[in-house]
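# A look at the structure
Listed below, chain by chain, are the residues.
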Amino acid sequence: MEKYNIEDLLAEKLGGRSIEPSTGSWERVSFTKARPSKKIPLAKWLSIAAMFALLIGAGLYISSYKETGTKTPPVTKVVFIEKPDEITTESAKISPAPLNRQIKFAPQSVAYKPSAVSEDTALPSPAIITPAAAQQPSDLPKDRLILQKSEEIAAELQRRIDVHLPVTDEVVDSLLQKAQREIALERAKSNGGPTDANALLKETETEINETFRQDAIRLFKNRFRTIRIALH
Amino acid sequence: MKIITLHVSDEKLIKQAIQKSGKAEEMLYKRYAAKMLGVCRCYIKDMHYAEDVMIEGFTKAFASLGRYRFEGSFEGWLRRIMVRGAIDFLRSRREIAFAEVEEAIGYAEQATAPDMDAELLQLLMDELPAGYRTVLVLFAVEGYNHKEIADMLNITESTSKSQLFKARKTLREQLEKLNNSSYGKV
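Residues numbered from 1 in each chain as written. Chains lettered and ligands numbered in written order. Predicted model: local features only at pLDDT ≥ 70, side-chain atom pairs only at ≥ 80, totals over all residues. Heavy atoms only, no water.

### Things to note about the overall build of chain B
Of the regular secondary structure elements, chain B holds 8 helices and 1 strand. Starting at the N terminus and walking to the C terminus, you meet the elements of chain B as α-α-α-α-β-α-α-α-α. Every one of the 186 residues in chain B was classed for burial, and the buried ones make up 47%. Contacts spanning at least 24 positions in sequence make up 67% of the contacts within chain B whose residues lie at least 6 apart. If you sum the accessible surface of chain B, you get close to 10,200 Å²; carbon and sulfur atoms cover 51% of it. (Helix = DSSP H or I, 4+ residues; strand = E, 2+ residues; numbered from the N terminus. Buried < 20%, exposed > 50% of the residue type's maximum accessible area, 1.4 Å probe, protein only. Contact = heavy atoms within 4.5 Å. Areas by Shrake-Rupley, 256 points an atom, 1.4 Å probe, with all protein chains shown as cover.)

### Some thoughts on a nonpolar patch on the surface
All names here are of chain A. There is a patch of nonpolar side chains on the surface, built from Met51, Phe52, Leu55, Ile56 and Leu60 and spanning about 570 Å² of accessible area. With respect to the element layout, Ile56 can be found in helix H3 (residues 42-69). The class for Ile56 is exposed, based on a relative accessible area of 52%. (Patch = residues over 30% accessible without salt bridge, like charges linked within 9 Å, V, L, I, M, F, W, Y side chains within 5 Å. Salt bridge = Lys/Arg side-chain N within 4 Å of Asp/Glu carboxyl O.)

### Remarks on the environment of Glu170(A)
Tracing the backbone through its elements, the reader meets Glu170(A) in helix H5 (residues 169-191). With a relative accessible area of 59%, Glu170(A) lands in the exposed category.

### So, the state of the cysteines
Residue and element names in this part refer to chain B. One pass over the structure, following the stated rule, counts 0 disulfides over all chains. Just so you know, Cys42 is unpaired, no disulfide at all, and the nearest cysteine sulfur is the one on Cys40, 9.0 Å from it. According to the relative accessible area criterion, Cys42 is buried, its value standing at 1%. (Disulfide = S-S within 2.5 Å.)

### Some points on unusual backbone geometry
Residues and elements named next belong to chain B. Despite not being glycine, Phe70 has its phi angle at roughly 60°, a positive value. Following the sequence through the fold, Phe70 ends up in the loop between helix H3 (47-63) and helix H4 (74-92). The class for Phe70 is partly exposed, based on a relative accessible area of 33%. The phi dihedral of Asn154 falls on the positive side, at around 60°, and the residue is not glycine. Relative to the elements of secondary structure, Asn154 occurs in the loop between helix H7 (146-153) and helix H8 (157-183).

### Observations regarding the packing of aromatic side chains
In this description, an aromatic ring pair is defined by two values, namely the gap between the centres and the angle between the planes. All names here are of chain B. Considering all chains together, one arrives at 10 aromatic pairs over all chains under this definition. Each ring, one from Tyr68 and one from Trp77, has its centre 5.2 Å from the other, and the planes form 55°; the classification is tilted. Considered together, Tyr68 and Trp77 belong to a single accessibility category, that of buried residues. Through a chain of ring-to-ring contacts, the aromatic side chains of Tyr32, Tyr68, Phe70, Phe74 and Trp77 assemble into a single cluster. Sitting over the face of the ring of Phe70, Lys15 holds its NZ or CZ atom 5.7 Å from the ring centroid. (Phe/Tyr/Trp six-rings, centres within 6.5 Å; stacked < 30°, edge-to-face > 60°. Lys NZ or Arg CZ within 6 Å of the ring centre and 35° of its normal.)

### Focus on the packing of helix H1 (residues 6-14) of chain A against helix H5 (residues 118-126) of chain B
Packed helices, taken two at a time, are described by the angle between their axes plus the distance between the axes. It is at 9 Å that the axes of H1(A) and H5(B) come closest, and there the two elements cross at 125°. Our classification of the angle between H1(A) and H5(B) gives oblique. H1(A) and H5(B) meet at a crossing whose hand is left-handed. Residues Leu9(A), Leu10(A), Lys13(A) and Leu14(A) of H1(A) form the contact with H5(B), whose participating residues are Ala118(B), Leu121(B), Gln122(B) and Met125(B). (Axes fitted to C-alpha atoms, helices over the stretch in contact; angles between N-to-C directions. Parallel < 35°, antiparallel > 145°, perpendicular 65-115°, else oblique. Left-handed = near helix turned anticlockwise from the far one by under 90°.)

Worth remembering: the numbers are spatial, not functional.
This is how it looks when you write it as C-alpha coordinates:
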(Lines give C-alpha, C1' and ligand atoms only; values in the text may rest on other atoms or scores of the structure.)
Protein backbone atom coordinates (compact mmCIF):
# COMPACT_ATOMS: atom_id res chain seq x y z
CA MET A 1 0.00 0.00 0.00
CA GLU A 2 1.31 3.38 -0.86
CA LYS A 3 2.05 5.80 1.85
CA TYR A 4 0.81 9.32 1.68
CA ASN A 5 1.93 12.39 3.46
CA ILE A 6 -0.80 13.29 5.92
CA GLU A 7 -0.65 16.93 5.13
CA ASP A 8 -0.93 16.30 1.42
CA LEU A 9 -3.85 14.02 2.16
CA LEU A 10 -5.60 16.67 4.15
CA ALA A 11 -4.97 19.34 1.54
CA GLU A 12 -6.29 17.05 -1.19
CA LYS A 13 -9.40 15.86 0.60
CA LEU A 14 -10.39 18.91 2.62
CA GLY A 15 -8.81 21.81 0.74
CA GLY A 16 -11.33 22.15 -2.08
CA ARG A 17 -14.28 20.57 -0.28
CA SER A 18 -17.71 22.08 -0.79
CA ILE A 19 -20.67 21.59 1.53
CA GLU A 20 -24.03 22.91 0.40
CA PRO A 21 -25.54 25.23 3.01
CA SER A 22 -29.08 24.73 4.24
CA THR A 23 -32.02 26.27 2.41
CA GLY A 24 -32.78 29.75 3.52
CA SER A 25 -29.18 30.51 4.40
CA TRP A 26 -29.11 33.46 1.97
CA GLU A 27 -32.19 34.93 3.70
CA ARG A 28 -30.29 34.71 6.98
CA VAL A 29 -27.38 36.58 5.40
CA SER A 30 -29.61 39.32 4.01
CA PHE A 31 -31.45 39.61 7.35
CA THR A 32 -28.18 39.87 9.24
CA LYS A 33 -26.98 42.52 6.79
CA ALA A 34 -30.15 44.55 7.19
CA ARG A 35 -29.98 44.43 11.00
CA PRO A 36 -28.61 47.69 12.43
CA SER A 37 -25.13 47.44 13.72
CA LYS A 38 -24.82 46.87 17.43
CA LYS A 39 -21.65 48.86 17.47
CA ILE A 40 -21.95 52.18 19.11
CA PRO A 41 -20.38 54.90 17.01
CA LEU A 42 -17.18 56.41 18.23
CA ALA A 43 -18.73 59.84 18.79
CA LYS A 44 -21.23 58.32 21.18
CA TRP A 45 -18.46 56.51 23.07
CA LEU A 46 -16.56 59.76 23.37
CA SER A 47 -19.59 61.59 24.67
CA ILE A 48 -20.25 58.85 27.24
CA ALA A 49 -16.61 58.97 28.32
CA ALA A 50 -16.74 62.77 28.57
CA MET A 51 -19.87 62.55 30.72
CA PHE A 52 -18.21 60.08 33.07
CA ALA A 53 -15.13 62.25 33.31
CA LEU A 54 -17.33 65.25 34.13
CA LEU A 55 -19.23 63.36 36.82
CA ILE A 56 -16.04 62.08 38.41
CA GLY A 57 -14.51 65.55 38.30
CA ALA A 58 -17.60 67.09 39.87
CA GLY A 59 -17.62 64.46 42.57
CA LEU A 60 -13.96 65.04 43.37
CA TYR A 61 -14.49 68.80 43.45
CA ILE A 62 -17.47 68.52 45.77
CA SER A 63 -15.69 66.13 48.11
CA SER A 64 -12.59 68.34 48.25
CA TYR A 65 -14.78 71.39 48.89
CA LYS A 66 -16.48 69.62 51.76
CA GLU A 67 -13.11 68.81 53.28
CA THR A 68 -11.75 72.36 53.12
CA GLY A 69 -14.79 74.64 53.01
CA THR A 70 -16.77 73.32 55.89
CA LYS A 71 -13.94 72.30 58.11
CA THR A 72 -14.23 73.94 61.49
CA PRO A 73 -11.05 75.15 63.11
CA PRO A 74 -9.87 73.05 66.00
CA VAL A 75 -11.08 74.17 69.37
CA THR A 76 -8.10 75.44 71.28
CA LYS A 77 -9.90 76.78 74.28
CA VAL A 78 -13.16 75.87 75.83
CA VAL A 79 -15.03 78.99 76.60
CA PHE A 80 -18.38 79.09 78.29
CA ILE A 81 -20.47 80.02 75.38
CA GLU A 82 -24.03 79.48 76.43
CA LYS A 83 -26.02 79.75 79.54
CA PRO A 84 -27.12 76.51 81.01
CA ASP A 85 -30.70 75.42 80.95
CA GLU A 86 -33.28 76.82 83.25
CA ILE A 87 -33.48 75.16 86.59
CA THR A 88 -36.05 72.43 86.44
CA THR A 89 -38.05 70.96 89.21
CA GLU A 90 -36.99 67.42 88.67
CA SER A 91 -34.21 66.18 90.83
CA ALA A 92 -31.53 65.37 88.41
CA LYS A 93 -27.95 64.43 88.70
CA ILE A 94 -25.41 66.78 87.37
CA SER A 95 -24.41 66.07 83.81
CA PRO A 96 -21.01 64.55 83.62
CA ALA A 97 -19.46 66.90 81.07
CA PRO A 98 -16.08 67.83 82.43
CA LEU A 99 -14.88 71.35 83.02
CA ASN A 100 -12.31 72.19 80.42
CA ARG A 101 -10.21 74.50 82.45
CA GLN A 102 -7.90 74.33 85.31
CA ILE A 103 -9.24 75.78 88.47
CA LYS A 104 -6.92 77.33 91.05
CA PHE A 105 -7.89 77.94 94.61
CA ALA A 106 -5.97 79.69 97.29
CA PRO A 107 -6.73 77.69 100.39
CA GLN A 108 -8.13 79.58 103.31
CA SER A 109 -7.52 78.58 106.87
CA VAL A 110 -11.05 78.26 107.92
CA ALA A 111 -12.31 76.36 110.88
CA TYR A 112 -15.49 74.70 110.04
CA LYS A 113 -17.79 72.27 111.62
CA PRO A 114 -18.22 69.21 109.54
CA SER A 115 -21.65 68.57 111.11
CA ALA A 116 -23.98 68.44 108.14
CA VAL A 117 -21.37 67.60 105.66
CA SER A 118 -20.36 64.03 105.17
CA GLU A 119 -16.79 63.22 104.65
CA ASP A 120 -17.03 62.76 100.97
CA THR A 121 -18.51 66.19 100.53
CA ALA A 122 -15.76 67.98 102.48
CA LEU A 123 -14.06 70.75 100.60
CA PRO A 124 -10.70 69.68 99.28
CA SER A 125 -8.08 71.80 100.93
CA PRO A 126 -5.43 71.72 98.22
CA ALA A 127 -7.95 72.26 95.41
CA ILE A 128 -6.78 74.79 92.90
CA ILE A 129 -9.42 77.05 91.48
CA THR A 130 -8.80 79.92 89.12
CA PRO A 131 -11.59 82.05 87.85
CA ALA A 132 -12.44 81.68 84.21
CA ALA A 133 -10.92 84.15 81.78
CA ALA A 134 -14.32 84.73 80.18
CA GLN A 135 -16.28 87.92 80.80
CA GLN A 136 -18.09 88.16 84.06
CA PRO A 137 -21.75 88.88 83.78
CA SER A 138 -22.84 92.04 85.45
CA ASP A 139 -25.14 90.29 87.88
CA LEU A 140 -22.37 88.25 89.56
CA PRO A 141 -21.90 88.69 93.35
CA LYS A 142 -19.49 91.50 94.10
CA ASP A 143 -18.38 89.96 97.34
CA ARG A 144 -15.09 88.21 96.72
CA LEU A 145 -15.71 85.76 99.51
CA ILE A 146 -19.00 84.69 98.07
CA LEU A 147 -17.40 84.25 94.70
CA GLN A 148 -14.63 82.24 96.20
CA LYS A 149 -16.96 79.97 98.09
CA SER A 150 -19.11 79.50 95.05
CA GLU A 151 -16.10 78.39 93.06
CA GLU A 152 -15.12 76.00 95.78
CA ILE A 153 -18.57 74.45 95.66
CA ALA A 154 -18.33 74.16 91.89
CA ALA A 155 -14.94 72.45 92.18
CA GLU A 156 -16.29 70.00 94.69
CA LEU A 157 -19.24 69.21 92.50
CA GLN A 158 -16.93 68.67 89.55
CA ARG A 159 -14.77 66.37 91.64
CA ARG A 160 -17.80 64.32 92.58
CA ILE A 161 -18.76 64.07 88.93
CA ASP A 162 -15.29 62.93 87.99
CA VAL A 163 -15.24 60.12 90.52
CA HIS A 164 -18.83 59.19 89.67
CA LEU A 165 -20.29 60.10 93.01
CA PRO A 166 -23.93 61.16 93.02
CA VAL A 167 -24.60 64.88 92.99
CA THR A 168 -28.06 65.47 94.36
CA ASP A 169 -30.00 68.42 95.75
CA GLU A 170 -29.09 67.38 99.24
CA VAL A 171 -25.40 67.40 98.47
CA VAL A 172 -25.60 70.84 96.88
CA ASP A 173 -27.64 72.22 99.79
CA SER A 174 -25.19 70.78 102.22
CA LEU A 175 -22.31 72.45 100.44
CA LEU A 176 -24.14 75.75 100.23
CA GLN A 177 -24.97 75.70 103.93
CA LYS A 178 -21.40 74.94 104.82
CA ALA A 179 -20.19 77.77 102.65
CA GLN A 180 -22.70 80.13 104.23
CA ARG A 181 -21.40 79.32 107.68
CA GLU A 182 -17.85 79.91 106.56
CA ILE A 183 -18.75 83.27 105.03
CA ALA A 184 -20.57 84.24 108.17
CA LEU A 185 -17.56 83.34 110.27
CA GLU A 186 -15.26 85.36 108.05
CA ARG A 187 -17.47 88.38 108.27
CA ALA A 188 -17.80 87.98 111.95
CA LYS A 189 -14.04 87.93 112.23
CA SER A 190 -13.64 90.95 110.08
CA ASN A 191 -16.03 92.91 112.22
CA GLY A 192 -13.42 92.53 114.95
CA GLY A 193 -13.65 92.35 118.77
CA PRO A 194 -14.65 89.56 120.99
CA THR A 195 -18.20 88.82 120.42
CA ASP A 196 -20.42 85.95 120.93
CA ALA A 197 -19.35 83.92 118.00
CA ASN A 198 -22.45 81.78 117.84
CA ALA A 199 -24.84 84.69 118.09
CA LEU A 200 -22.97 86.67 115.57
CA LEU A 201 -22.72 83.64 113.37
CA LYS A 202 -26.42 83.05 113.50
CA GLU A 203 -27.18 86.68 112.70
CA THR A 204 -24.81 86.83 109.80
CA GLU A 205 -25.89 83.48 108.58
CA THR A 206 -29.46 84.50 108.38
CA GLU A 207 -28.56 87.71 106.61
CA ILE A 208 -26.53 86.10 103.96
CA ASN A 209 -28.56 82.94 103.70
CA GLU A 210 -30.82 83.98 100.90
CA THR A 211 -28.43 86.34 99.15
CA PHE A 212 -25.56 83.88 99.13
CA ARG A 213 -27.72 81.10 97.89
CA GLN A 214 -29.06 83.24 95.09
CA ASP A 215 -25.63 84.60 94.25
CA ALA A 216 -24.13 81.16 94.24
CA ILE A 217 -26.79 79.80 91.98
CA ARG A 218 -26.48 82.80 89.70
CA LEU A 219 -22.77 82.22 89.51
CA PHE A 220 -23.30 78.61 88.64
CA LYS A 221 -25.76 79.56 85.97
CA ASN A 222 -23.54 82.16 84.43
CA ARG A 223 -20.16 80.57 84.70
CA PHE A 224 -20.45 76.84 84.90
CA ARG A 225 -22.53 75.67 82.01
CA THR A 226 -21.71 72.07 82.56
CA ILE A 227 -23.27 72.02 85.94
CA ARG A 228 -26.96 72.02 85.89
CA ILE A 229 -28.53 71.89 89.24
CA ALA A 230 -32.07 71.00 89.80
CA LEU A 231 -33.43 72.68 92.77
CA HIS A 232 -36.81 72.74 94.12
CA MET B 1 -36.09 30.69 -26.56
CA LYS B 2 -33.14 29.57 -24.56
CA ILE B 3 -31.78 31.88 -21.95
CA ILE B 4 -28.10 31.55 -21.42
CA THR B 5 -26.79 33.05 -18.30
CA LEU B 6 -23.50 34.63 -19.03
CA HIS B 7 -20.85 34.24 -16.51
CA VAL B 8 -20.33 37.47 -14.68
CA SER B 9 -16.87 37.99 -13.35
CA ASP B 10 -16.20 38.34 -9.70
CA GLU B 11 -14.85 41.83 -10.24
CA LYS B 12 -18.05 43.03 -11.81
CA LEU B 13 -20.17 41.45 -9.13
CA ILE B 14 -18.01 42.92 -6.41
CA LYS B 15 -18.27 46.39 -7.89
CA GLN B 16 -22.01 46.04 -8.11
CA ALA B 17 -22.15 44.68 -4.56
CA ILE B 18 -20.16 47.69 -3.34
CA GLN B 19 -22.98 49.78 -4.84
CA LYS B 20 -25.29 47.80 -2.54
CA SER B 21 -26.77 45.66 -5.28
CA GLY B 22 -28.62 42.87 -3.51
CA LYS B 23 -28.65 40.74 -6.63
CA ALA B 24 -24.86 40.94 -6.97
CA GLU B 25 -24.41 40.05 -3.33
CA GLU B 26 -26.72 37.07 -3.71
CA MET B 27 -24.80 35.87 -6.73
CA LEU B 28 -21.51 36.17 -4.90
CA TYR B 29 -22.98 34.30 -1.96
CA LYS B 30 -24.27 31.46 -4.10
CA ARG B 31 -20.96 31.24 -5.90
CA TYR B 32 -18.82 30.83 -2.76
CA ALA B 33 -21.11 29.70 0.06
CA ALA B 34 -20.50 25.95 -0.37
CA LYS B 35 -16.73 26.29 -0.39
CA MET B 36 -16.75 28.64 2.57
CA LEU B 37 -18.93 26.24 4.53
CA GLY B 38 -16.36 23.53 3.80
CA VAL B 39 -13.66 25.82 5.19
CA CYS B 40 -15.60 26.51 8.38
CA ARG B 41 -16.41 22.80 8.77
CA CYS B 42 -12.70 21.96 8.93
CA TYR B 43 -12.43 23.87 12.21
CA ILE B 44 -15.88 23.43 13.73
CA LYS B 45 -17.28 20.00 14.47
CA ASP B 46 -20.95 20.97 14.55
CA MET B 47 -22.45 21.69 11.11
CA HIS B 48 -25.00 24.17 12.39
CA TYR B 49 -22.36 26.25 14.17
CA ALA B 50 -20.17 26.00 11.09
CA GLU B 51 -23.00 27.43 8.99
CA ASP B 52 -23.58 30.20 11.50
CA VAL B 53 -19.93 31.17 11.27
CA MET B 54 -20.12 31.07 7.47
CA ILE B 55 -23.16 33.35 7.41
CA GLU B 56 -21.48 35.73 9.86
CA GLY B 57 -18.39 35.69 7.64
CA PHE B 58 -20.37 36.68 4.56
CA THR B 59 -22.07 39.46 6.45
CA LYS B 60 -18.68 40.86 7.45
CA ALA B 61 -17.36 40.42 3.92
CA PHE B 62 -20.24 42.37 2.38
CA ALA B 63 -19.87 45.08 5.04
CA SER B 64 -16.16 45.49 4.30
CA LEU B 65 -16.32 44.88 0.56
CA GLY B 66 -15.04 48.39 -0.05
CA ARG B 67 -11.68 47.36 1.45
CA TYR B 68 -11.12 44.63 -1.12
CA ARG B 69 -8.34 45.87 -3.37
CA PHE B 70 -8.78 43.29 -6.14
CA GLU B 71 -5.33 41.92 -5.30
CA GLY B 72 -5.31 38.13 -5.21
CA SER B 73 -8.40 36.03 -5.56
CA PHE B 74 -11.72 36.95 -4.01
CA GLU B 75 -11.97 33.37 -2.78
CA GLY B 76 -8.69 33.70 -0.89
CA TRP B 77 -9.92 36.97 0.66
CA LEU B 78 -13.15 35.30 1.72
CA ARG B 79 -11.29 32.27 3.12
CA ARG B 80 -9.23 34.47 5.39
CA ILE B 81 -12.40 36.04 6.75
CA MET B 82 -13.92 32.61 7.33
CA VAL B 83 -10.78 31.26 9.04
CA ARG B 84 -10.64 34.25 11.42
CA GLY B 85 -14.34 33.84 12.14
CA ALA B 86 -13.91 30.13 12.92
CA ILE B 87 -10.97 30.77 15.24
CA ASP B 88 -12.88 33.52 17.03
CA PHE B 89 -15.79 31.16 17.45
CA LEU B 90 -13.59 28.45 18.97
CA ARG B 91 -11.97 31.03 21.27
CA SER B 92 -15.33 32.31 22.42
CA ARG B 93 -16.31 28.79 23.41
CA ARG B 94 -12.87 28.26 24.99
CA GLU B 95 -12.31 25.19 22.89
CA ILE B 96 -8.83 26.26 21.92
CA ALA B 97 -6.27 25.79 24.65
CA PHE B 98 -2.56 25.64 24.02
CA ALA B 99 -0.19 24.23 26.59
CA GLU B 100 3.42 25.13 26.12
CA VAL B 101 5.17 21.90 25.24
CA GLU B 102 8.75 21.31 24.32
CA GLU B 103 9.58 21.92 20.72
CA ALA B 104 9.33 18.80 18.59
CA ILE B 105 11.23 18.23 15.40
CA GLY B 106 8.67 18.19 12.68
CA TYR B 107 8.68 15.54 10.04
CA ALA B 108 6.05 14.44 7.60
CA GLU B 109 3.91 11.70 8.93
CA GLN B 110 3.09 8.92 6.57
CA ALA B 111 -0.38 7.45 6.33
CA THR B 112 -1.77 4.54 4.42
CA ALA B 113 -5.22 5.74 3.44
CA PRO B 114 -5.33 6.68 -0.25
CA ASP B 115 -9.04 6.02 -0.63
CA MET B 116 -10.01 7.87 2.46
CA ASP B 117 -13.31 9.62 2.11
CA ALA B 118 -13.25 13.34 2.87
CA GLU B 119 -16.10 12.94 5.33
CA LEU B 120 -14.35 10.08 7.12
CA LEU B 121 -11.16 12.09 7.26
CA GLN B 122 -13.12 14.99 8.68
CA LEU B 123 -14.58 12.71 11.32
CA LEU B 124 -11.08 11.62 12.31
CA MET B 125 -10.05 15.26 12.43
CA ASP B 126 -13.02 15.99 14.67
CA GLU B 127 -11.61 13.55 17.21
CA LEU B 128 -8.50 15.68 17.60
CA PRO B 129 -8.40 18.39 20.27
CA ALA B 130 -9.44 21.76 18.83
CA GLY B 131 -5.94 23.20 19.22
CA TYR B 132 -4.26 20.34 17.32
CA ARG B 133 -6.91 20.39 14.63
CA THR B 134 -6.74 24.16 14.12
CA VAL B 135 -2.96 24.23 13.72
CA LEU B 136 -3.04 21.19 11.42
CA VAL B 137 -5.72 22.67 9.16
CA LEU B 138 -4.03 26.09 9.07
CA PHE B 139 -0.72 24.51 8.14
CA ALA B 140 -1.80 21.65 5.89
CA VAL B 141 -5.00 22.90 4.27
CA GLU B 142 -4.68 26.69 4.29
CA GLY B 143 -0.92 26.78 3.77
CA TYR B 144 0.05 29.19 6.55
CA ASN B 145 3.56 29.00 7.99
CA HIS B 146 4.29 28.72 11.69
CA LYS B 147 4.95 32.42 12.11
CA GLU B 148 1.59 33.33 10.60
CA ILE B 149 -0.15 30.64 12.66
CA ALA B 150 1.51 31.94 15.83
CA ASP B 151 0.31 35.48 15.07
CA MET B 152 -3.23 34.36 14.36
CA LEU B 153 -3.54 32.18 17.43
CA ASN B 154 -1.43 34.38 19.70
CA ILE B 155 1.01 31.60 20.48
CA THR B 156 4.71 31.09 19.96
CA GLU B 157 6.16 29.46 16.89
CA SER B 158 7.49 26.60 18.96
CA THR B 159 4.01 25.97 20.32
CA SER B 160 2.65 25.94 16.81
CA LYS B 161 5.29 23.40 15.75
CA SER B 162 4.68 21.14 18.71
CA GLN B 163 0.92 21.30 18.22
CA LEU B 164 1.40 20.29 14.61
CA PHE B 165 3.66 17.41 15.58
CA LYS B 166 1.18 16.08 18.08
CA ALA B 167 -1.70 16.51 15.62
CA ARG B 168 0.10 14.55 12.95
CA LYS B 169 1.06 11.79 15.37
CA THR B 170 -2.46 11.44 16.71
CA LEU B 171 -4.04 11.45 13.28
CA ARG B 172 -1.58 8.87 12.02
CA GLU B 173 -2.39 6.60 14.92
CA GLN B 174 -6.09 6.99 14.20
CA LEU B 175 -5.59 6.17 10.53
CA GLU B 176 -3.54 3.11 11.34
CA LYS B 177 -6.16 1.95 13.82
CA LEU B 178 -8.79 2.44 11.17
CA ASN B 179 -6.75 0.57 8.61
CA ASN B 180 -6.10 -2.30 10.98
CA SER B 181 -9.73 -2.62 11.89
CA SER B 182 -10.92 -2.40 8.30
CA TYR B 183 -8.35 -4.48 6.55
CA GLY B 184 -6.80 -6.54 9.27
CA LYS B 185 -3.18 -6.49 10.16
CA VAL B 186 -0.84 -6.08 7.27
